[in-house]
Structure formats: C-alpha cells, structure tokens
Amino acid sequence: MNFHQSRAPLTAAELKRRAEALMANGQAAGPSDAEDSRAESPDERQYGPTAAKILRDVKRGVALASQDAKFAVFTEAATTLADAVVNQWLPKNVMVDRLSEIAVAHGHFGRDRLEVEELIARYADRASTPQKPDQASSGPKQAKRRLIAHRASDLEPEKLVWVWPGRIPEGKLVLLGGPPGLGKSQLTAFMSAIVSNGGHWPCGEGSTLPGDVIFMSAEDGVQDTIIPRLMAAGADRERVHIVSAATKPDGTGRKTFSLKTDVDLLEEMARKIGTVRLIIVDPISAYMGGSDGNGNVETREVLEPLADMANRLRIAVVAVTHLNKGGGGGNQSALNRFAGSIAFVAAARAAFAVIEDPEDDERRFLLQAKNNLGKKCKGLAFRLEQRLVGDDVMSSNVMFEGDHVSESIDEALSASENRGAKKGQSSGGKEDVMQFLRDILSAGPVDVLEVERQARAAALLEDDKRLSKSKAFRDARTELGIKSTRDGFGPGSRYVLELPEASWAPKNPMGAPSQTGAPMDDLGAHGEVGGLQ
C-alpha cells in the first residue's frame, strides 16, 4: 500500500506544519534546493549519491506526513531502507541508526519505545535474510538465489576523483609491480607521505587533499624499517595507521590479515577513522588467505570485496606485487607480466611497474602498464637516497627527477632484463632473493619446483640451475630459517619450502660460524641429499 497516495488533502494547519518541517530540515522550497544539492553531504561522501538520496527522502517523508500518518510512513521508510540494504546501497547498521534517529525525533510516534524498536529489528532481520511475506510465519528458510541489479535511471553519474591525478583514482584498486629490490616499498612510503600531508606530486602533476593512510606490510619490520621509511619520506605519522595482524575469529590471539575473511574489519577501521584516502597492501600475495593467486575465479572472489569496499568508501587501494619474467624469450608485454592470475590486472583500474634503467644501475623508472580511467601517463624517473632519520638510524627515500621520461614500458623492461642476461647471471643478490622468498612463502608451504619456476620468471635463478646450486638462494634460506620438508610418500610425494612460524630473523647469531656445508656432487633436485635443506 502506498501511504502517500492514501492521504487526504492537507489542511491549512497541516500545510503550515509542512512548511515548518521543511525549514527545520533545511529543505525549504525554492531556488536554494538546487544550490544545496550541489554541495556533497557526509552521506553522499560515505555512501554515494543514490544512498544519500534514499536516506534524505525517507527522513523528509516522515517529517512531512500528518501526525496520524507518521507511523505508517515510518513503516514504509523501514521497508525502503531494508530494500536498500538488500540491494547493497547501505550497510545494515546505517539503516538501524537512521530509523532509530527518526523515531526519537518524532517521540516514537506516541507509541511504546520497545514496540518501535522491535519494528526496526524486524526490518533489520528482513534486510539480512530477505523473505517473501508468506514465508515470515513458517520459520527461517534459505533465501532464494537472485541477481543484484539496478535500473540505470535510478543511478546518478559520479565524478571521478584522483588521489594522484592521472595515476591513482579514488575508490579504485591500483597495482604496483616490479622485480625485487627496486624500491616499490619506498614508493608506498612516498605516497603515504604525500597523502598524509596533502602535498604535491612530482613533475607538476598536481596535489592532493590531506587524508589518513592505512598501511599493511607483511615483509618489513614496523619499527626498524617501515617507521624509518615514513620518517625519511616526511610522512605525518599521526595520519598513518599500520595494521600488523587481526585477531582470530573468537576475538583472541592473532593471525595474518586475510582478504578472504577480514575485509569487514578493514572497513570498520576505515569508517572509524573517517578520513582515510589511501590503503597500502604490500605485497598483496601475502594477504590472499591461503589462495595462491593463480586461479582466476578464486582470485576474483578474494579481490571483489576489497574493490567493493574501496568503491563504497571512496578510498584508493595500492597493491604491491612482483613481475614475472616473460615467456617466449622475454617478449611478453608488461601488462601480462604481473605475477599471479590475470584477474589481478583485470580487477585493477590502473597498473604501474618499477623498472631499472638499463643504462644506470641507480636509476629507476615508474612506467604505466594500464590505465582504464585516464589518459596515458608519462613516465617518471627516481633514485633511492639514504637519509639519517634518528640516532644511528638510516633509511632510504625516493627522490624523483624534475622531468618526465619517454621510455616505453615494454622496451625498458626488455632492455633491463636483457642487460642481466648478457652478463650470464641472474640479476638478484641475497637481499633480492630473501624478499622474493618472503613473498612467495608468506601464504604457506610451496612446492620447491614451483619456487624454482617463479624464481626463473623473476630473473633470480638461471634457467639451468636448481635452488640448491644457487649460493644466493642457499644463503637466503639460511638467513630466513626456511625449512624443506617432504610432503607425502612414494611417487606422488614432493618437497616443499616454508617459512618458520616465528618472525623472520637470522638463523645464526651475528658472528657465529656458518652451518652451511659444502654441496655434495649428487645433490638432488630439491636438495634432499646432503647440504642445507
């Protein structure tokens, strides 16, 4: 039943109350309506223009109703907001809060407070598990499968806002890839500094409004690495929030944050802070909740809640990953070189790669691989410089050059890798290998053969070598305390590598003699005969 259509014409007294209600809500008729609509309200900022209009309309509808019809219109408003929750325009807690606020503002419509609260709870339950009217009395039943869709005419166009103009859009996922050791993590510290201070981007690419940053890093120590980097970059540390872990489902202990199960906690934190503009996930592979990131369907299922949250809250998300070595002689395009499933690149609205200048070991390029929302960006060049940030505390910092560069990303990537290939060696030293191993093993044990495959793809292991024959990998495994264990028995068994349960630390005290023995001539494919496992 439409309660608005069932009302009698308004009397003179009711018309007067209507005008007073309009004035009280700042909605007085006239030209000011159009002017007010142009200003973005807090609801519009948090939930989008469609949800803000729904909230505004239900509040106005109850305020304008006659005294006798207010409760009926309030019930209609509860139905409207429940539908908005079901269709994912609004979170359920917002629905409950707004209905409670309306009820209090109108003295619970002259009814018992508990009666009104029970009505709100009933519609909140309906929003959680939609049921047909004839199902309400027959007990809980499984909700019918349905499509979630919106009529195009119900949706208002939204202006795209950029955190970094042309590069990082508000409310979207952006990938930052590159080989280990080239400064990707230092770049995220640089971005955090610009956003937290509301500073200017390099090469005259504009500025950004100040905002908070949520920082997640699975590889680097917080106090000995991340904090010094933020200080070196000049970040406002009051605005940077570092997530180290999440509690277990029962609320006790701690576990690694998972994009599969913990995005709601991330959203809750962002809403509580209220001014978050950027979330850093470094590396994204460490937060996949056990998924290896190679399956398209599974990867999409993990990334979709993160992308939806970013869009709802208008927060940019920068996810760090590494690049694979291209197949077919290294002639693959840079867009197809991002590690893991193609779903990573598909989910991201923009993707950039950090590449070593093939003519200068100390120079790096930041080049665009993909940008669905803006025009092609020019390349940037930077170097890593050391800064003293405290008593005997040094950290590296990104220093951009003043001019753009014109290098093609595919040509620069190919030239950089070919340069290493000409030397007849892999490009990675022990530090690069350690970072690679932390990345690939962060989600759990991995088959040795798969580690070797990805190591070759990342140009860290020569094509004709095994891990056990590489000194860089042997040293890195010792330093990280990586264990090699046999999984299964017989023909189907395999050897896997895994990180120790404790935090990463050198296995031997500083100055202690190395326990690594000389490799035996008959060392197996997985290093299972002699030598360090």
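Not measured: the values here are computed from a predicted model.

A.B. asks: Quick rundown of the overall build of the protein? Include the residues and the values.
C.D. replies: On a plain count of helices and strands, the protein comes out with 18 helices and 14 strands. Classification of the 533 residues of the protein by burial places 43% in the buried group. Relative to all contacts within the protein whose residues are 6 or more apart in sequence, the contacts with residues 24 or more apart total 65%. A total accessible area of about 28,000 Å² is found for the protein, and carbon and sulfur atoms account for 49% of it.

A.B. asks: I'd like a rundown of the pattern of salt bridges, residues and numbers included.
C.D. replies: Applying the stated criterion across every chain yields a total of 18 salt bridges. Here arginine 271 ties to glutamate 267 by a salt bridge, and the two come within 3.0 Å at their closest N and O atoms. Here arginine 271 pairs with glutamate 267, and both are found in helix α11 (residues 263-273), just 4 residues apart, close to one helical turn. A relative accessible area of 22% places arginine 271 in the partly exposed class. Between arginine 383 and aspartate 360 there is a salt bridge, and its shortest N-O distance comes to 2.7 Å.

A.B. asks: Account for the pairing of strand β11 (residues 393-400), with residues named and values stated.
C.D. replies: For strand β10 (residues 380-390) and β11, the ladder comprises 8 bridges, and the chain directions are antiparallel. When the bridges of β11 are listed, glutamate 385 appears paired with asparagine 397. Hairpin connection, β10 to β11: the antiparallel pair is bridged by 2 residues, and aspartate 392 has positive phi, about 60°.

A.B. asks: Tell me about the sheet that holds strand β13 (residues 483-487), and name the residues and values.
C.D. replies: Read from one edge to the other, the open sheet built from 3 strands follows the order β12-β14-β13, with strand pairing classed as antiparallel. Looking at which strands have only one partner, the edges of the open sheet turn out to be β12 (446-447) and β13. Here β13 runs beside strand β14 (residues 494-498); their pairing, made up of 5 bridges, is antiparallel. Bridge assignment links threonine 485 to a residue of β14, and that residue is valine 496.

A.B. asks: Pulling in residues and values, what's your account of the environment of glycine 374?
C.D. replies: Looking at the element boundaries, glycine 374 is found in the loop between β9 (363-371) and β10. Using a relative accessible area of 29% as the deciding quantity, one classes glycine 374 as partly exposed. The sequence separation of glycine 374 and tryptophan 162 amounts to 212 residues, and the corresponding C-alpha distance is 9.9 Å.

A.B. asks: Account for helix α10 (residues 222-233), naming residues and giving values.
C.D. replies: Taken as a whole, α10 has its buried residues at Ile226, Ile227, Pro228, Arg229, Leu230, Ala232 and Ala233. In this structure, the buried side of α10 is in contact with α9 (184-197), β4 (212-217), β5 (240-243), β10 and β11. Looking one or two places after α10, you find glycine 234, whose phi comes out positive at around 80°.

A.B. asks: I'd like to hear about the packing of aromatic side chains, residue by residue, with values.
C.D. replies: For the coordinates displayed, the defined rule picks out 10 aromatic pairs. Considering the side-chain rings of phenylalanine 71 and phenylalanine 109, the 5.8 Å spacing of their centres and the 65° angle between planes classify their relative orientation as edge-to-face. Of the two residues, phenylalanine 71 sits in helix α6 (residues 70-86) while phenylalanine 109 sits in the loop between α7 (92-105) and α8 (113-128), which places them 38 residues apart along the sequence. Relative accessible area serves as the criterion here: at 15%, phenylalanine 71 is assigned to the buried category.

A.B. asks: So what about the nonpolar core? Which residues, and what values?
C.D. replies: Judged by nonpolar contacts, the single largest core of 42 residues is most densely connected at Leu175, Leu259, Leu266, Ile279 and Ile284. When residues of this core are assigned to their parent elements, the largest contribution, 6 residues, is made by helix α12 (residues 296-313). Non-local contacts of isoleucine 284, meaning those with residues more than four positions away in its chain, are made with Leu259, Leu303, Ala319, Val320 and Phe344. Residues Ile194, Ala235, Leu278 and Phe400 belong to the second largest nonpolar core, which totals 36 residues.

A.B. asks: Tell me about the sheet that holds strand β6 (residues 276-282), residues and numbers included.
C.D. replies: The sheet built from 9 strands is open, its strands ordered β5-β4-β6-β7-β3-β8-β9-β10-β11 with mixed pairing. Bordering the open sheet on either side are β5 and β11, each of which pairs with just one other strand. Geometrically, the sheet is characterised by an average inter-axis angle of 25° between neighbouring strands, direction not taken into account. Relative to β6, β4 runs parallel, the two being bridged by 6 bridges. What sits directly across from phenylalanine 215, in β6, is isoleucine 280. The strands touched by α10 within the sheet are β4, β5, β10 and β11, with β11 carrying the most contacts at an inclination of about 45°.

A.B. asks: Give a description of the packing of helix α5 (residues 49-64) against α6 that names residues and reports values.
C.D. replies: Look at α5 against α6: their axes get within 8 Å of each other, and the N-to-C directions meet at 170°. When the axis of α5 is compared with that of α6, the two are roughly antiparallel. Residue-level contacts link Ile54, Leu55, Val58, Gly61, Val62 and Ala63 of α5 to Lys70, Val73, Phe74, Ala77, Thr80, Leu81 and Ala84 of α6. Its residues placed into classes, the contact of α5 with α6 shows 10 nonpolar, 2 polar and 1 charged.

A.B. asks: Describe in detail the environment of leucine 335, supporting the description with residues and values.
C.D. replies: Examined against the element boundaries, leucine 335 turns out to sit in the loop between α13 (327-330) and α14 (342-347). With relative accessibility at 31%, the residue leucine 335 sits in the partly exposed group. C-alpha of leucine 335 to C-alpha of leucine 323: the two residues are 12 residues apart in sequence and 9.4 Å apart in space. Ignoring any residue separated from it by four or fewer positions in sequence, one finds leucine 335 in contact with Val345, Ala369 and Lys370.

A.B. asks: I'd like a rundown of the environment of leucine 388, residues and numbers included.
C.D. replies: Turning to its location among the elements, leucine 388 is positioned in strand β10. For leucine 388, a relative accessible area of 59% puts it in the exposed group. Leaving out residues up to four positions away in the same chain, leucine 388 has contacts with Val393 and Met394.

A.B. asks: Outline α7, listing residues and values.
C.D. replies: Look at α7: 20 Å from first C-alpha to last across 14 residues, which is about the 20 Å you get at 1.5 Å a residue. Backbone geometry just downstream of α7 places glycine 107 in the positive-phi region, at approximately 60°.

A.B. asks: How would you explain the side chain of serine 396 if you had to name every residue and give the values?
C.D. replies: Within the fold, serine 396 resides in strand β11. By relative accessible area, which is 12% here, serine 396 ends up buried. Ignoring sequence-local partners within four residues, the contact set of serine 396 consists of Gln186, Arg229, Ala232, Glu385 and Gln386.

A.B. asks: Please set out the pairing of strand β3 (residues 173-177) residue by residue, giving values where relevant.
C.D. replies: Of all the 5 residues making up β3, 5 are buried; the element is thus mostly covered by neighbouring parts of the structure. Residues of β3 alternate between two faces, with Leu173, Leu175 and Gly177 on one and Val174 and Leu176 on the opposite face, all of them buried. Both β3 and strand β7 (residues 316-320) contribute to a ladder of 4 bridges, which runs parallel. Looking across to β7, one finds that valine 174 is bridged to valine 318. The pairing of β3 with strand β8 (residues 350-356) spans 4 bridges and is parallel. Residue glycine 177 lies in a different strand from β8, and its bridge partner there is alanine 353.

Conventions we followed
- Residues numbered from 1 in each chain as written.
- Predicted model: local features only at pLDDT ≥ 70, side-chain atom pairs only at ≥ 80, totals over all residues.
- Heavy atoms only, no water.
- Helix = DSSP H or I, 4+ residues; strand = E, 2+ residues; numbered from the N terminus.
- Buried < 20%, exposed > 50% of the residue type's maximum accessible area, 1.4 Å probe, protein only.
- Contact = heavy atoms within 4.5 Å.
- Areas by Shrake-Rupley, 256 points an atom, 1.4 Å probe, with all protein chains shown as cover.
- Salt bridge = Lys/Arg side-chain N within 4 Å of Asp/Glu carboxyl O.
- Pairing = 2+ DSSP bridges.
- Phe/Tyr/Trp six-rings, centres within 6.5 Å; stacked < 30°, edge-to-face > 60°.
- Core = buried A, V, L, I, M, F, W, Y, C linked by side-chain atoms within 4.5 Å.
- Axes fitted to C-alpha atoms, helices over the stretch in contact; angles between N-to-C directions.
- Parallel < 35°, antiparallel > 145°, perpendicular 65-115°, else oblique.
- Nonpolar A, V, L, I, M, F, W, Y, C, P; charged D, E, K, R; others polar.
- Expected span 1.5 Å × (residues − 1).

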